[in-house]
Amino acid sequence: MATTETPAEPLSIGEVAERTGLSVHALRFYEREGLLVGPIQRTTGGRRRYTTADVDWLLICIKLRGPDGLRPATDIASRPR
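Residues numbered from 1 in each chain as written. Predicted model: local features only at pLDDT ≥ 70, side-chain atom pairs only at ≥ 80, totals over all residues. Heavy atoms only, no water.

Turning next to the packing of helix α1 (residues 13-20) against helix α2 (residues 24-32). Direction vectors running N to C along α1 and α2 enclose 100°, while the axes themselves pass 9 Å from each other. On the basis of the axis angle, α1 is roughly perpendicular to α2. Contact with α1, carried on its side by I13, G14, V16 and A17, involves V24, L27 and R28 of α2 and no other residues of that element. Class assignment of the residues belonging to the contact of α1 with α2 gives a composition of five nonpolar, one polar and one charged. (Axes fitted to C-alpha atoms, helices over the stretch in contact; angles between N-to-C directions. Helix = DSSP H or I, 4+ residues; strand = E, 2+ residues; numbered from the N terminus. Parallel < 35°, antiparallel > 145°, perpendicular 65-115°, else oblique. Contact = heavy atoms within 4.5 Å. Nonpolar A, V, L, I, M, F, W, Y, C, P; charged D, E, K, R; others polar.)

On to the nonpolar core, then. Burial of nonpolar side chains together is a common tendency in soluble globular proteins. Core analysis: the largest hydrophobic core is formed by 16 residues, its most contacted members being V16, L22, L27, Y30, L36, Y50 and L58. At the level of elements, α1, α2 and α3 (52-64) are the ones that each hand at least two residues to this core. Here the element with the most residues in this core is α3; it accounts for four residues. (Core = buried A, V, L, I, M, F, W, Y, C linked by side-chain atoms within 4.5 Å. Buried < 20%, exposed > 50% of the residue type's maximum accessible area, 1.4 Å probe, protein only.)

Inspection of the entire model under this criterion finds two salt bridges. Across the salt bridge formed by R42 and E31, the nearest N and O atoms sit 3.3 Å from each other. One end of the pair, R42, is in strand β1 (residues 41-42); the other, E31, is in helix α2, and 11 residues separate them in sequence. Salt-bridge contacts for R48 lead to E31; the nearest nitrogen and oxygen are separated by 2.5 Å. Here R48 is found in strand β2 (residues 48-49), whereas its partner E31 is found in helix α2, with 17 residues between them in sequence. Residue classification places E31 among the partly exposed positions, given a relative accessible area of 22%. Connected through shared salt-bridge partners, E31, R42 and R48 make up one network. (Salt bridge = Lys/Arg side-chain N within 4 Å of Asp/Glu carboxyl O.)

At a closest axis distance of 10 Å, the pairing of α1 and α3 adopts a crossing angle of 40°. Taken together, the axes of α1 and α3 lie oblique to each other. The way α1 lies across α3 gives a crossing that is right-handed. Residues V16, R19 and T20 of α1 form the contact with α3, whose participating residues are V55, L58, L59 and I62. Taken together, the residues that form the contact of α1 with α3 break down as five nonpolar, one polar and one charged. (Left-handed = near helix turned anticlockwise from the far one by under 90°.)

For the α-helix, the turn length of 3.6 residues means that residues three or four positions removed from each other point alike. Between its first and last C-alpha atoms α3 spans 19 Å; for 13 residues at 1.5 Å apiece the expected length is 18 Å, and the two agree. For α3, the complete set of buried residues consists of D54, V55, W57, L58 and C61. One side of α3 carries all its buried residues, which in axial view fall inside an arc of 165°. (Expected span 1.5 Å × (residues − 1). Arc of directions from axis to C-beta.)

Rendered as structure tokens:
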């Protein structure tokens, strides 16, 4: 029996903050610094819309954060893809 996957609903910045434990300010910082997987989609009103892949990547970044902050995550994000 074939199943069809429906794409997950996009998440607001508040929902991502709740799922990751990061503040909305931290999420905006991560975006400004280019630490996310790709560009964050926005609604016509300019609101950020995140995907589950964005959340997964943010959770990895949180685990990679060292005692000095984002340095390890910044190193990984800056490598060529």
